[in-house]
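Spelled out from the first residue to the last, the chains are:
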Amino acid sequence: MIKPFIYPAALLIAGVDEVGRGPLVGAVVTAAVILDPAQPIVGLEDSKKLSEKRRLALYEEIIAKALSWSLGRAEPEEIDRLNILHATMLAMQRAVARLPIVPDMALIDGNRCPTLPMRSQAVVKGDSRVAEISAASILAKVTRDREMIELDRVFSGYGFAQHKGYPTAFHLEQLAVLGATEHHRRSFAPVRRVLEL
């Protein structure tokens with residue numbers, strides 16, 4: 001049983017989440033969302049637990065109804081230079097900095113917070129417990145999935161549209177056969193091994 005979340009006292013709360021820490025290819029994508037209490041969105045949930053159809057419908061609803069939302073990212077070369085954790089924190093900072101409305105509190109999915117100019121709190125399993133974080137997870141996932149589908153059109157042999165860059169058996173097989181693209185994360189072990197061959 002996941003404990004219900006008790007909200008901190010704040011006027012404008014942004015939820016922040018990331019998608020794409022585990023894949024071997026592409027950016028880590030983050031989103032920050034301030035929901036509008038006057039326009040509640042029914043069915044917000046961790047993006048991984050939603051069907052693609054439901055996720056896409058909620059994505060449109062979040063963009064239409066949120067008080068404020070924005071995206072952030074860290075590219076593969078930044079991930080390779082900084083490591084995935086630091087690149088994720090940077091991408092979260094970018095998402096929060098791009099919000100057109102400045103929140104007075106940021107709730108971050110996970111167990112640590114990036115350095116931000118406002119109060120922040122890490123929420124473990126936040127994407128299942130906090131509506132704002134659920135909304136951010138949906139925006140980030142739909143955005144990144146779309147990028148992987150685009151990448152699949154350019155590099156058709158890797159199956160990016162199916163596995164979204166995660167190290168599936170098929171992706172690893174194709175990586176060994178076709179080699180790494182410029183979008184692969186060179187510091188990740190399976191990619192590094194292919195490059196060293």
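Quantities reported herein were computed from a predicted structural model and do not represent experimental measurements.

(A) Here's a closer look at the side chain of Ser47. When you line up the elements, Ser47 lands in the loop between strand S2 (28–34) and helix H1 (52–65). Given a relative accessible area of 2%, Ser47 falls into the buried group. When near neighbours in sequence (up to four residues on either side) are disregarded, Ser47 contacts Arg55, Ser137, Ile138 and Lys141.

(B) Main features of the sheet that holds strand S4 (residues 105–109). Here five strands make up an open sheet; going across it, the order is S3-S2-S1-S4-S5 and the pairing mixed. Taken across any chain shown, the strands that pair with only one partner, and hence form the sheet edges, are strand S3 (68–74) and strand S5 (119–123). Looking at each pair of strands side by side, their axes are set apart by 20 degrees on average, direction ignored. Taken together, the five bridges between S4 and S5 define a ladder with parallel strand orientation. Bridge pairing in S5 places Met105 opposite Arg119.

(C) A look at the pairing of strand S1 (residues 13–19). Of all seven residues in S1, seven are buried; the element is thus mostly enclosed. Alternating positions in S1 separate into two faces, Ile13, Gly15, Asp17 and Val19 on one and Ala14, Val16 and Glu18 on the other, with burial throughout. The sheet contact formed by S1 and S4 spans four bridges and is parallel. Bridging across to S4, Val16 finds its partner in Ile108.

(D) Quick look at the nonpolar core. By size, the foremost hydrophobic cluster in this structure holds 19 residues, and its most contacted members are Val33, Leu44, Ile62 and Ile138. Listed by contribution, the elements that provide at least two residues to this core are S2, H1 and helix H5 (131–154). A total of six residues in this core trace back to one element, the largest contributor, which is H5. Ignoring any residue separated from it by four or fewer positions in sequence, one finds Ile62 in contact with Val33, Ile41, Leu44, Ala135, Ile138 and Leu139. In terms of nonpolar packing, the next biggest core, distinct from the first, is built from 14 residues, Ala32, Met92, Ala95 and Ala106 among them.

(E) Representation of the packing of H1 against H5 in the model. Their axes nearest at 9 Å, the elements H1 and H5 cross at an angle of 115 degrees. Where H1 crosses over H5, the two elements pack in a sense that is left-handed. Residues Arg55, Leu56, Leu58, Tyr59, Glu60, Ile62 and Ile63 of H1 touch H5, and the partners they reach there are Ala135, Ile138, Leu139, Lys141, Val142, Thr143, Asp145 and Arg146. Class assignment for the residues of the contact of H1 with H5 results in nine nonpolar, one polar and five charged.

Criteria and thresholds
- Residue numbering note: each chain is counted from 1, following its sequence as written.
- Owing to the predicted nature of the model, reporting of local features is limited to residues with pLDDT of at least 70; listing and counting of side-chain atom pairs is limited to 80 or more, with chain, interface and lining totals taken over all residues.
- For side-chain calculations, the full set of non-hydrogen atoms in the structure is used, while hydrogens and water are omitted.
- Strands here are runs of E lasting at least two residues and helices are runs of H or I lasting at least four, both read from the DSSP assignment and numbered beginning at the N terminus.
- Accessibility here uses a 1.4 Å probe with only protein chains present; expressed as a share of the type maximum, an area under 20% marks a residue as buried, one over 50% as exposed, and anything in between as partly exposed.
- We call two residues contacting when some pair of their heavy atoms lies within 4.5 Å.
- We call two strands paired when DSSP finds no fewer than two bridges between them.
- In this analysis, axes come from line fits to C-alpha atoms, helices being fitted only over the stretch in contact, and the angle between any two N-to-C directions falls in the range 0 to 180 degrees.
- Working definition of a nonpolar core: buried Ala, Val, Leu, Ile, Met, Phe, Trp, Tyr and Cys residues. They are joined through side-chain atoms within 4.5 Å.
- Helix crossings fall into two classes, left-handed where the near helix is turned counterclockwise from the far one by less than a right angle and right-handed where it is turned clockwise.
- When residues are grouped by polarity, Ala, Val, Leu, Ile, Met, Phe, Trp, Tyr, Cys and Pro land in nonpolar, Asp, Glu, Lys and Arg in charged, and all others, Gly among them, in polar.

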